[in-house]
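# An overview of the molecular structure
As a plain string of letters, each chain reads:
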Amino acid sequence: MNNIFILVGLYFIINLILLQNYQRLAKKINLYDKPDNKLKKHIKKVPILGGIILLINFLIILPVSILIFDFLIFDKKREIFSLFFLIISFFLIGFFDDKIKMSSNMRIFLGIFVLLISISLNNDLLIQILQFSFYEKRIYLENISYIFTIFAFLAFIHAINMFDGLNAQVLLYFIIINTFLFIISSFNIFYFSLYFPLISILILNYNSRVFLGDGGSYLLAALYAYLIIYEFNITKNISFSDHILILMIIPGLELLRLSFIRLINGKNIFDGDLNHIHHILKKNHGLFNTNVIVLSLVLTPILLLYANINSFIIIFLTILSYFILIFYNKKFK
């Protein structure tokens, strides 16, 4: 019990210091998101510090969790290195994309390279079996397990990157995902620790004092993709692949819809536009209500899952609700 109080106090102090000194940190990092009156319509330049704050927290949370709470998420040192390598590498890819705007091909190439190394170091990351609650047989991926795992990681990371764009939206999404994992996992102290950086950045992000940036969204997506796969592959706290799909379905639908629209318009799927769900809803409902609507789309399927509703029905209703919402708001904007 004393260790828990020490942990809470430590993370509270760390994030309080970061909250009070974010402007000094912004000047040292010298990374800002500047308005361009096209895709970026905020009034003044905003520090892109979300990834830095997350990384500082992560580099403290994981070692403390291992040393104090015997957080045996790994059996070997190489598995610990695999997680650190994965998270730091994707943060750096996003950070330098924020800084110098790398091409989409370069980001994909680097992402594949990082994942190949991470999976080679820790085979527990490999998705080898798909099992659905509404289908009796298991699907063994066998020779395509590496390809599928890398594709799943990159798809989720880029889906979260597309889902980012409205203050608080991505952070609230991950707070919901973190709460789900906190409830189902035996490592709930670790998930409890992750609330501190998420809430710290949320406080700064909601009023546009700090942006998450690609560094922050890539880091969060890579971390939670890792944790969800771990809870599926190793602890078995997530039993079925369709439960993972339900957790990720709204960012996934955004990725599919935006990619399809951009392709039929002859654009690169990674080119930015103002066709995201938060852009469409914000015109009619404002910032707060848009966050409420989008996060309700994320949360409702998870609550239905707890109510033991058939996953196939949940997925169907969520997809239907998503497209009705898009159609209605586009038609009557």
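Criteria and cut-off values
Residues numbered from 1 in each chain as written. Predicted model: local features only at pLDDT ≥ 70, side-chain atom pairs only at ≥ 80, totals over all residues. Heavy atoms only, no water. Helix = DSSP H or I, 4+ residues; strand = E, 2+ residues; numbered from the N terminus. Buried < 20%, exposed > 50% of the residue type's maximum accessible area, 1.4 Å probe, protein only. Contact = heavy atoms within 4.5 Å. Areas by Shrake-Rupley, 256 points an atom, 1.4 Å probe, with all protein chains shown as cover. Core = buried A, V, L, I, M, F, W, Y, C linked by side-chain atoms within 4.5 Å. Polar contact = N/O pair within 3.5 Å; in protein donor to acceptor, adjacent residues only side chain to side chain. Expected span 1.5 Å × (residues − 1). Phe/Tyr/Trp six-rings, centres within 6.5 Å; stacked < 30°, edge-to-face > 60°. Lys NZ or Arg CZ within 6 Å of the ring centre and 35° of its normal. Salt bridge = Lys/Arg side-chain N within 4 Å of Asp/Glu carboxyl O. Patch = residues over 30% accessible without salt bridge, like charges linked within 9 Å, V, L, I, M, F, W, Y side chains within 5 Å.

Secondary structure assignment for the protein chain yields twelve helices and four strands. The dimensions of the protein chain, computed from C-alpha atoms along their principal axes, are 55 × 50 × 40 Å. By residue count, 50% of the 333 residues in the protein chain fall in the buried class. A separation of at least 24 residues holds for 72% of the contacts in the protein chain among residues at least 6 apart in sequence. A total of about 16,400 Å² of accessible surface is found on the protein chain, and carbon and sulfur atoms cover 66% of it.

Quick look at the nonpolar core now. Leu86, Phe90, Tyr173, Phe174, Leu181, Tyr224 and Leu227 are the most contacted members of the largest nonpolar core, which has 101 residues in total. For this core, the element with the most residues is helix H9 (residues 213–233), which contributes 14 residues. Among all residues touching Leu86, those that are not within four sequence positions of it are Val114, Leu115, Ser118, Phe153, Ala222 and Tyr226.

Below, the discussion takes up the side chain of Thr290. Note that Thr290 resides in helix H11 (residues 277–306). By relative accessible area, Thr290 is classed as buried at 0%. In terms of polar contacts, Thr290 uses its side chain to reach the backbone carbonyl oxygen of Gly286, at 2.6 Å. Every residue in contact with Thr290, bar those within four places of it in the chain, is listed here: Leu166, His278, Leu281, Lys282 and His285.

Another aspect to go through is helix H7 (residues 169–184). Taking 1.5 Å per residue, 16 residues should reach 22 Å; H7 reaches 23 Å between its end C-alpha atoms and fits that length. Taken residue by residue, H7 has Gln169, Val170, Leu171, Tyr173, Phe174, Ile175, Ile176, Ile177, Asn178, Phe180 and Leu181 as its buried positions.

Our next topic: the packing of aromatic side chains. Across all of its chains, the model carries 16 aromatic pairs by this definition. Both rings, one in Phe81 and one in Phe85, keep their centres 6.0 Å apart while their planes meet at 25°; by these two values the pair is stacked. Here the residue Phe81 and the residue Phe85 both occupy positions in helix H4 (residues 77–100), the gap between them amounting to four residues, near one helical turn. Judged by its relative accessible area of 48%, Phe81 is partly exposed. Among the aromatic residues, those joined into a ring-pair cluster are Phe156, Phe163, Tyr173, Phe174 and Tyr224. When the ring centre of Tyr32 is taken as origin, the NZ or CZ atom of Lys45, which lies over that ring, is 4.4 Å away.

Another aspect to go through is the pattern of salt bridges. Taken as a whole, this structure holds two salt bridges when the rule is applied. Here Asp97 ties to Arg107 by a salt bridge, and the two come within 3.8 Å at their closest N and O atoms. Of the two residues, Asp97 sits in helix H4 while Arg107 sits in helix H5 (residues 104–121), which places them ten residues apart along the sequence. Given a relative accessible area of 5%, Asp97 falls into the buried group. When the shortest N-O distance is used, the salt bridge between Glu254 and Arg257 registers 2.8 Å. With Glu254 and Arg257 both in helix H10 (residues 241–264) and three residues apart, the pair spans about one turn of that helix.

Residues Phe134, Tyr135, Ile139, Ile309, Phe312, Ile313, Phe316, Leu317, Leu320 and Ile324 make up a contiguous nonpolar surface patch of about 930 Å² in total accessible area. With six residues, helix H12 (residues 311–331) is the largest single contributor of residues to the nonpolar patch. For Leu320, the position within the fold is in helix H12. Look at Leu320 and you get partly exposed, because its relative accessible area is 40%.

Right, let's get into the environment of Leu31. With respect to the element layout, Leu31 can be found in the loop between helix H2 (22–29) and strand S1 (32–33). Of the residues examined, Leu31 reaches a relative accessible area of 4% and is grouped as buried. Placed 17 residues apart in sequence, Leu31 and Ile48 show a C-alpha to C-alpha distance of 5.8 Å. Ignoring anything within four residues of it in the chain, the contact list for Leu31 reads Ala26, Val46, Pro47, Ile48, Phe95, Asp98 and Lys99.

Take it as geometry only, folks, not as evidence of what the structure does.
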